[in-house]
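Secondary and tertiary structure notes
Listed here are the chains, written in short residue letters.
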Amino acid sequence: MAYKLSISDNSLKINANVRYENMARTEKPEVVAKSPTGKIVKERSVVNGQIVKQGEMTRQWVDDDGNIYGKSELAFWYGEEQVTENQQTKVFEVTGYQPIQNYTDNYVIASYYEIFPDDNGMKKDFDRERAQATNLFQMRKLWEHLDSNGLVARGEFCTSSRGFVASDGYLRAVKFGNKWGLEIGVFKEEKVFEHLNEGLPKEVSAQEVPAGRKKLKMV
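Residues numbered from 1 in each chain as written. Predicted model: local features only at pLDDT ≥ 70, side-chain atom pairs only at ≥ 80, totals over all residues. Heavy atoms only, no water.

Attention now moves to the overall build of the protein. Helix and strand counts for the protein stand at two helices and 16 strands. Radius of gyration (C-alpha) of the protein: 27 Å, far over the 17 Å computed for a compact globule of 219 residues. Oriented by its inertia axes, the alpha-carbon framework of the protein measures out at about 85 × 65 × 50 Å. Every one of the 219 residues in the protein was classed for burial, and the buried ones make up 23%. Sequence separation of at least 24 residues holds for 63% of the intrachain contacts in the protein that already meet a minimum separation of 6. Roughly 17,800 Å² of accessible area belongs to the protein as shown, and the carbon and sulfur atoms make up 50% of that amount. (Helix = DSSP H or I, 4+ residues; strand = E, 2+ residues; numbered from the N terminus. Rg over C-alpha atoms; globule rule 2.2 N^0.38 Å. Buried < 20%, exposed > 50% of the residue type's maximum accessible area, 1.4 Å probe, protein only. Contact = heavy atoms within 4.5 Å. Areas by Shrake-Rupley, 256 points an atom, 1.4 Å probe, with all protein chains shown as cover.)

Here it is, written out as structure tokens:
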């Protein structure tokens, strides 16, 4: 499924209406559990040995005294600071550019999204094609800036209205032969390398004996 997004960078005078969709296409294999007699078995909720039927069990916000609340009645806190829940990003505002090495070497990327031009919701074919061409031109301007300078564009990018930690996205120019495009990679965490090496290693010969040690041989 594709979602609408606007990409904005005032410094480059870029304003593109696009759509994005997850690039993950691999589906999980459908593995079925069966009993020794061949009947299909599924995991279900069970309370005191009784199977819970659909609709009998719900999750709600409840305090220690058993009072039930609607989510809209609640405030959320992180330590002593009140926080708000994420909202799905509608405008990807470029907050800065970083070398592409940061994207490939320093960060773990959780998921990738492909970008393509939107038709701005136009009804007529002519107007839709014109809108897509305009947005494609804006995409190309950004692509050329990223590609020619070896950069990625960074901005806040939340793909859903869930959670309390806003994620950042990295816009990258991609090229395959004579075809080009843009992708957004969602930042997960910074890579931490703990076993990097310095200098050039020396090849150790199999016959080499460490200094000060005698190699014994059978006569």
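From this point, things continue past the structure.
Residues at a pLDDT of 70 or more form 94% of the protein, whose mean pLDDT is 90. The spread of mean pLDDT over the elements of the protein runs between strand 6 (residues 50–51), the lowest at 85, and helix 2 (residues 125–149), the highest at 96. (pLDDT = per-residue confidence, 0-100.)

Here the focus is the pattern of salt bridges. On inspection of all chains with the given rule, the structure shows eight salt bridges. A salt bridge links Arg128 to Asp119, with the nearest nitrogen and oxygen atoms 3.5 Å apart. On the basis of relative accessibility, which here comes to 33%, the residue Arg128 falls in the partly exposed class. Of the charged contacts in the structure, one is a salt bridge between Asp147 and Lys175, with a shortest N-O distance of 4.0 Å. A residue pair is termed long-range when its members are at least 10 positions apart, and Asp147 in helix 2 and Lys175 in strand 15 (residues 168–176) qualify at 28 residues. For Asp147, a relative accessible area of 36% gives the class partly exposed. If you follow the salt bridges from partner to partner, you end up with Asp119, Asp125 and Arg128 in one network. (Salt bridge = Lys/Arg side-chain N within 4 Å of Asp/Glu carboxyl O.)

The subject of this paragraph is helix 2. The end-to-end C-alpha separation of helix 2 is 36 Å, in line with the 36 Å expected for 25 residues at 1.5 Å each. Among the residues trailing helix 2, Gly150 stands out with phi positive, at a value near 60°. (Expected span 1.5 Å × (residues − 1).)

Turning our eyes to something else, we now look at unusual backbone geometry. A positive phi is found at Lys13, a non-glycine position, where the angle reads about 55°. Positionally, Lys13 belongs in the loop between strand 1 (3–9) and strand 2 (14–22). Of note in the backbone geometry, Asn120 takes a positive phi value of approximately 60° without being a glycine. Of note, Asn120 is situated in the loop between strand 13 (107–117) and helix 2. Look at Asn120 and you get partly exposed, because its relative accessible area is 33%.

Each aromatic ring pair is specified by the distance between its two centres and by the angle formed by the two planes. Counted under the stated rule, the structure contains twelve aromatic pairs. Summarising the aromatic geometry, the rings of Phe92 and Phe157 are spaced 6.1 Å apart at their centres and angled 65° between planes, so their arrangement reads as edge-to-face. Pair noted here: Phe92 is in strand 11 (residues 91–93) and Phe157 is in the loop between strand 14 (151–156) and strand 15, with a separation of 65 residues, a long-range link. Residue Phe157 is classed as buried on the basis of its relative accessible area of 0%. An angle of 55° between the planes, with centres 5.8 Å apart, marks the rings of Trp143 and Trp180 as tilted. (Phe/Tyr/Trp six-rings, centres within 6.5 Å; stacked < 30°, edge-to-face > 60°.)

As a further point, take the side chain of Ser6. One can find Ser6 in strand 1. At 2.8 Å, the side chain of Ser6 forms a polar contact with the side chain of Asn17. Setting aside chain neighbours within four positions, we find Ser6 in contact with Ala16, Asn17, Lys90, Val91 and Phe92. (Polar contact = N/O pair within 3.5 Å; in protein donor to acceptor, adjacent residues only side chain to side chain.)

As a further point, take the sheet that holds strand 2. The sheet built from eight strands is open, its strands ordered 11-1-2-13-16-15-14-12 with mixed pairing. The sheet is open, and its two edges are formed by strand 11 and strand 12 (96–99), each paired on a single side. Across the sheet, the mean angle from the axis of one strand to that of its neighbour is 40°, orientation sign disregarded. For strand 14 and strand 15, the ladder comprises four bridges, and the chain directions are antiparallel. (Pairing = 2+ DSSP bridges. Axes fitted to C-alpha atoms, helices over the stretch in contact; angles between N-to-C directions.)

On to the pairing of strand 14. Pairing between strand 12 and strand 14: four bridges, direction antiparallel. Within strand 14, the residue paired with Tyr97 across the bridge is Ala153.

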